[in-house]
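Descriptive structure summary
Residues per chain are reported as follows:
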Amino acid sequence: MSWNSRPPRQREPDPFDGLLLVDKPSDWTSNDVVVKIRNHFRFAKVGHGGTLDPLATGLLVLLVGKATKLSDRIMGGDKVYEGTIRLGVATSTQDADGEILEQKDASAITRAQVEAAMQRYLGDIEQIPPMVSALRVDGKRLHELAREGIEIERAPRPVTIHRFDVVGWAEPGVLSIDVECSAGTYIRTLADDLGRLLGGGAHLRNLRRTNVGEFTLGEAASPDECELLPVAAAVRALTSV
């Protein structure tokens, strides 16, 4: 075999390249999880494949080392959530952490009315991002401006809702939901919009993410117990060549 015909040398994977599937606890920001993982395991470079609100729990995909180059692919995948919506109460943050802005009796709203209203949000829609979000405007995140009491105009963003279902009534006026949607969808805004359409306001009471693309919550573990998967796991749905 001549020198020119030798196969190229393959780079050995770095033992600290890969991804982690974390079950994020409530009251932690996504960045809190990144910092804890980086410090605990002494990883030099850690990023996430899509944030979760502090109130939310569930699947958070972390990328380590060279796997961070695949963040756009992970972040662009569809998401699945389960949660509860409180009808009749609108809040400043569209979730249970905000101040109550409006409160109405929602006891007369039926499941049939809710399901009919949900149909209006299926398919391609536009959402106005909430002020309490991680979007940047002129270098500052919206939630940072919101904490300063500043509210700015936000342009609607296109998203796709594949599934928006009632799966039960947790208690009067509180419905359990299941949502499958595109990347960039705000479930709190979906809850708020649903309440407005029903004429009584609403907010998201809790939320749990169960799927990010092909990754599932059943594969995840707590920040202290999660295991580093190889980089190849990030593209496991693609055909090998």
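The coordinates are above.
A few points on the structure.

Calculation rules
Numbers given for residues are sequential positions, taken from 1 along each chain in its written order. Residue-level local features of this predicted model are given only where pLDDT is at least 70; pairs of side-chain atoms are given and counted only at 80 or more, and the full residue set underlies all totals for whole chains, interfaces and linings. In computing side-chain properties, one takes all heavy atoms of the structure into account and sets aside hydrogens as well as water. Throughout this description, the term salt bridge denotes a Lys or Arg side-chain nitrogen within 4 Å of a carboxyl oxygen of Asp or Glu. Put simply, DSSP marks the helices as runs of H or I at least four residues long and the strands as runs of E at least two long, and each gets a number from the N terminus on. Working definition: with a 1.4 Å probe on protein chains only, accessible area under 20% of the residue-type maximum means buried, over 50% means exposed, and in between means partly exposed. One less than the number of residues in a helix, times 1.5 Å, gives the span that helix is expected to have. Here, the arc refers to the directions that run from the helix axis to the C-beta atoms. Any two residues having at least one pair of non-hydrogen atoms within 4.5 Å are treated as being in contact. The pairing criterion is simple: DSSP has to find at least two bridges between the two strands. For helices, the fitted line uses only the C-alpha atoms of the stretch in contact; every axis is such a line through C-alpha atoms, and the angle between N-to-C directions lies from 0 to 180 degrees. An angle below 35 degrees is read as roughly parallel, one above 145 as roughly antiparallel, one from 65 to 115 as roughly perpendicular, and any other as oblique. Handedness of a helix crossing follows the sense of rotation of the near helix relative to the far helix, less than a right angle counterclockwise being left-handed and clockwise being right-handed. We call Asp, Glu, Lys and Arg charged. Ala, Val, Leu, Ile, Met, Phe, Trp, Tyr, Cys and Pro are nonpolar, and the rest, Gly among them, are polar.

1. What to know about the pattern of salt bridges
- Throughout the structure, instances matching the rule amount to 12 salt bridges.
- As a salt-bridge pair, Arg111 and Glu115 come within 3.0 Å of each other at their nearest N and O atoms. Residue Arg111 and its partner Glu115 are both found in helix H3 (residues 111-118); the two are separated by four residues, about one turn of the helix.
- Classification of Arg111 as partly exposed rests on a relative accessible area of 35%.
- For Glu115, a relative accessible area of 33% gives the class partly exposed.
- Between Arg163 and Glu180 there is a salt bridge; the shortest N-O distance is 2.6 Å. Of this pair, Arg163 sits in strand E10 (residues 157-171) while Glu180 sits in strand E11 (residues 174-181), and the two are 17 residues apart along the sequence.
- Each member of the salt-bridge network shares a partner with another, and the members are Arg163, Asp165, Asp178 and Glu180.

2. Structural notes on helix H1 (residues 30-41)
- Spanning 12 residues, H1 covers 17 Å between terminal C-alpha atoms, matching the ideal 16 Å at 1.5 Å per step.
- For H1, the complete set of buried residues consists of Ser30, Val33, Val34 and Ile37. Summarising the axial view, the buried residues of H1 lie within an arc of 100°, below the 170-degree limit, and thus occupy one face. In H1, the exposed residues that point more than 90 degrees away from the buried face are Asn31 and Asn39.
- For H1, the elements touching its buried residues are strand E1 (18-24), strand E2 (46-48) and strand E3 (57-64).
- Arg42 sits one or two positions beyond H1 and adopts a positive phi of about 60°.

3. As for the pairing of E3
- Across the eight residues that make up E3, a large majority, eight, are buried.
- Two elements, E1 and E3, share seven bridges in a ladder whose sense is antiparallel. By the bridge assignment for E3, Asp23 is matched with Leu59.
- Bridge count for E2 against E3 is three bridges, and the pairing is antiparallel. Bridging across to E3, Val46 finds its partner in Val64.
- Pairing of E3 with strand E12 (residues 202-212) involves two bridges; the strand directions are parallel. Its bridge partner lying in E12, Thr57 is registered against Arg208.

4. Some remarks on unusual backbone geometry
- Of note in this structure, Asp27 is not a glycine but carries a positive phi near 70°.
- Owing to a relative accessible area of 63%, Asp27 belongs among the exposed residues under this scheme.
- Its identity is not glycine, yet Arg42 carries a phi of approximately 60°, on the positive side.
- In this fold, Arg42 is placed in the loop between H1 and E2.
- We classify Arg42 as exposed; its relative accessible area is 73%.

5. Considerations on helix H5 (residues 187-198)
- Helix length check: H5 (12 residues) gives 17 Å between terminal C-alpha atoms against 16 Å at 1.5 Å per residue, within 8%.
- Looking at H5, one finds that the buried residues are Ile187, Arg188, Thr189, Leu190, Ala191, Asp192, Leu194 and Gly195.
- Packed against the buried residues of H5 are strand E4 (79-87), H3, strand E7 (123-127), E10, E11 and E12.
- Gly199 lies just past H5 and shows a positive phi near 85°.

6. What about the packing of H3 against H5?
- Packing of H3 against H5 brings their axes to within 10 Å, and their N-to-C directions diverge by 120°. In terms of their interaxial angle, H3 and H5 are classed as oblique. As for how H3 packs across H5, the hand of that crossing is right-handed. The segment H3 lies against H5, with Gln113, Val114, Ala117 and Met118 engaging Leu194, Leu197 and Leu198.
- Here the residues of the contact of H3 with H5 are counted per class, giving six nonpolar, one polar and no charged.

The quantities given are spatial measurements derived from coordinates; they are silent on function.
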